[in-house]
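Given next are the chains, with one letter for each unit.
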Amino acid sequence: MRVIPQLLHSLPQVLVDGVTLGAVYATVALGYTMVYGILELINFAHGEIFMSGAFIGTAILIGLNSAGWLGHLPKLLVLLLTLAVAMGLTGLLGMGIERVAYRPLRNAPRLIPLISAIGVSFVLQDVVRFIAEWRTGNYIVTGVTLYGAELNLGSLTVKTNTLIVLGAAVLMMAGLDLFVRRTRWGTAMRAVAQDKDTAALMSINVNRVIALTFFMGSALGGATGVLFAQQYGTIDPYIGFILGLKAFTAAVLGGIGNIRGAMFGGFVLGILEMFASAELGPLTGGVLGAEYKDVFAFLILIAVLLFKPEGLFGQAVKEKV
């Protein structure tokens, strides 16, 4: 019976940490769901694009700090510029990957582009690891934290970075949702997602729309990588692998191809994972610890695939014969 008061005592902190982690999952999941919605391709290199954004942002901040400029510039301006540069570079990286690794295989059997995506993922990991070790001597990098303040409210601790991550993630998700639903390019993206051939007959440049989709999804992933590095401090070339799988799980949970579903799935997964991390030990009497939190994500994926493979907000689609 002593477990229940302990759970209630730590619940506010679990919710805050879970929503923050969920915001990261949700924004990364958008990249998966956008690409799948148009190409029906699972871009497994997207986790490494997120990782690349984290390293680009960290490199910028370390460079500014080494040059002595960081203390003389407004922190908000530095953060915004870092996000803008990381979004631009990772967006271009995503477009380059689409052009080189996916477009030539667009009409190939689905397994072939999937293998290509996995290959790109490993290439990015090794390239970033090589650069990090060449520049710093270690592939594990500790970044520069712009905002280190904390607000203590009894048992609840809220970091300034937590508020920044949540605010930036919500703005990016809302902006993407408005773009897809209210703009001409967003309409073109939805048309290509429904039927590429018909969209081409309606004078829509399908290749340009697909390139834009990769750019936007990758830019969101890169910006999320910068926010992740600010929130958690230490990064390495392999952070995108597991996080990417979890973000993909969030996209499947919400309904792969559904933008709002990916957002919802990310927040649900983040909260459940943080709950498992904090409460699994007390609930099982110490038999299972926080290290088993990753199991939650993949149990959810298995359950969704078994009982509702189209996801919570997805629609079942019959295969064409």
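Residues numbered from 1 in each chain as written. Predicted model: local features only at pLDDT ≥ 70, side-chain atom pairs only at ≥ 80, totals over all residues. Heavy atoms only, no water.

> How should a nonpolar patch on the surface be read in this particular structure?
Residues Y292, V295, L299, I302, L306 and F307 make up a contiguous nonpolar surface patch of about 650 Å² in total accessible area. Here L299 lies in helix α11 (residues 293-307). (Patch = residues over 30% accessible without salt bridge, like charges linked within 9 Å, V, L, I, M, F, W, Y side chains within 5 Å. Areas by Shrake-Rupley, 256 points an atom, 1.4 Å probe, with all protein chains shown as cover. Salt bridge = Lys/Arg side-chain N within 4 Å of Asp/Glu carboxyl O. Helix = DSSP H or I, 4+ residues; strand = E, 2+ residues; numbered from the N terminus.)

> How should the pattern of salt bridges be read in this particular structure?
Side chains bearing opposite charge may pair, as long as their charged atoms lie close to each other. Per the counting criterion, the structure on display carries seven salt bridges. Note that E98 and R106 form a salt bridge whose closest N and O atoms lie 2.8 Å from each other. The partner of E133 in a salt bridge is R129, and the shortest N-O contact between them spans 3.3 Å. Taken together, the positions of E133 and R129, both in helix α4 (residues 111-136) and four residues apart, correspond to about one turn of that helix. A relative accessible area of 27% places R129 in the partly exposed class. Among the charged side chains, a network of salt bridges with common partners joins E98, R103 and R106. (Buried < 20%, exposed > 50% of the residue type's maximum accessible area, 1.4 Å probe, protein only.)

> Help me understand the environment of G254, please; the structure alone is not making it clear to me.
With respect to the helices and strands, the residue G254 is situated in helix α9 (residues 239-254). For G254, a relative accessible area of 0% gives the class buried. Spatially, the C-alpha atom of G254 lies 38 Å from that of N138, the residues being 116 residues apart in sequence.

> I tried to follow the nonpolar core on my own but got confused; where do I start?
The tendency in soluble globular proteins is for nonpolar side chains to be buried side by side. Counting 78 residues, the largest nonpolar core has L30, Y102, L176 and I235 as its most contacted members. If you tally residues by element for this core, the top one is helix α1 (residues 3-39), at 13 residues. When sequence neighbours within four positions are dropped, the list of residues in contact with L176 reads L30, M34, M216, L220 and I259. (Core = buried A, V, L, I, M, F, W, Y, C linked by side-chain atoms within 4.5 Å. Contact = heavy atoms within 4.5 Å.)

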